[in-house]
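# Fold and contact review
Spelled out, the chains give:
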Amino acid sequence: MKIGINSRIYQEENAGVQNYIKNLYKNVLKIDPNNDYLFFQTSDNKKLGQTDYVKLPQNSLMAMLFDNFFVSFFDFKHKPDLFHACANVLPIILRKKCKYIVTIYDLAPLVNKSYSPSNLFTQYFKWSTKRSAKKADLVVTISKNTKNDLIKYFSIEPNKIKVIYPGISTDFFL
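Because the structure is a prediction, the values reported are computed rather than measured.

A word on the packing of aromatic side chains. If you walk through the whole model with that rule in mind, you get 10 aromatic pairs. Judged by centre distance (5.6 Å) and plane angle (45°), the rings of F83 and Y100 are tilted. With F83 in strand β4 (residues 82-85) and Y100 in strand β5 (residues 99-104), this residue pair connects regions lying 17 residues apart in the sequence. Just as F83 is buried, Y100 falls in that class too.

Spelled out as C-alpha cells, the structure:
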C-alpha cells in the first residue's frame, strides 16, 4: 500500500505536533516495511523518509496554500491509496480512489477564545478543520475531550472519530 503524508508542519520549529509526527513516523517506518510511505513538504531540510517537496517561503499564507491546494498536486502525482493529513487540514480536492485520514489535536482556538492570535485565524481554523473532519474517512484525535468537541462544534459522527493517545518519546528514557 502507498501512503502519502502531508508533513509540511514538521518543517516548522519543534513543538508538540512536530514531535508527535516525528516520533509517530520514525517508529512506523521501523516496524512497517510492507507499505511505502511518502512525505509531502515545503522543504527538504528535515526529512522523515522518502520526501517530495516544493520549495516555498515559510510563512502562514504559504502554509495555508500548501495544505489546501499544493499538496493536492502530490496526491494526484503519486496516487497514494491512503492519505494522512497530520495537522487538521485535508486538501481541497480529494481523489475518489484514496482514503483520507486527518489528525486533529484540539479545537483550542474555538473553545478558548483567548488562545487565538486573530479573528481571521479563528475563522480559517474553524472552516478548514470542520471541512476536513466532515470529508475525512477517519478522524484521529489524541483525547476523548477533542472527540467530544468535534461532535459538539461540528456534528461529526462519533463512529468516524478514533481516539489514539500519543506515546512517550524514547528521549524521556535513560
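Here A15 is to be found in the loop between β1 (2-6) and α1 (16-31). Residue A15 is classed as partly exposed on the basis of its relative accessible area, which comes to 36%. In the structure, A15 is positioned 53 residues away from N68 in sequence and 22 Å away in space, judged by C-alpha atoms.

Another point: the pattern of salt bridges. Throughout the structure, instances matching the rule amount to three salt bridges. Between D52 and K77 there is a salt bridge, with the nearest N and O atoms lying 2.9 Å from each other. Of this pair, D52 sits in strand β3 (residues 51-53) while K77 sits in helix α2 (residues 60-78), and the two are 25 residues apart along the sequence. Looking at D52, the relative accessible area reads 14%, which means it is buried. D75 is the salt-bridge partner of R95, the closest N and O atoms lying 3.1 Å from each other. With R95 in the loop between β4 and β5 and D75 in helix α2, the pair connects residues that are 20 residues apart, well separated along the chain. For R95, a relative accessible area of 12% gives the class buried.

One finds F83, V139 and L150 to be the most contacted residues of the largest nonpolar core, which totals 24 residues. For this core, the secondary-structure elements that each account for two or more residues are β2 (36-41), α2, β4, β5, α4 (119-135) and α5 (144-154). Sequence-distant contacts of F83, that is, excluding residues within four places in its chain, are made with G4, N6, F40, V71, D75, L90, P91, C98, K99, Y100 and I101.

All right, on to the side chain of Q11 then. Mapped onto the fold, Q11 is located in the loop between β1 and α1. For Q11, a relative accessible area of 9% corresponds to the buried category. With residues up to four places along the chain from it excluded, the contact list for Q11 reads Q41, T42, S43, D44, N45, K46 and Q58.

Rules behind the numbers
- Residues numbered from 1 in each chain as written.
- Predicted model: local features only at pLDDT ≥ 70, side-chain atom pairs only at ≥ 80, totals over all residues.
- Heavy atoms only, no water.
- Phe/Tyr/Trp six-rings, centres within 6.5 Å; stacked < 30°, edge-to-face > 60°.
- Helix = DSSP H or I, 4+ residues; strand = E, 2+ residues; numbered from the N terminus.
- Buried < 20%, exposed > 50% of the residue type's maximum accessible area, 1.4 Å probe, protein only.
- Salt bridge = Lys/Arg side-chain N within 4 Å of Asp/Glu carboxyl O.
- Core = buried A, V, L, I, M, F, W, Y, C linked by side-chain atoms within 4.5 Å.
- Contact = heavy atoms within 4.5 Å.

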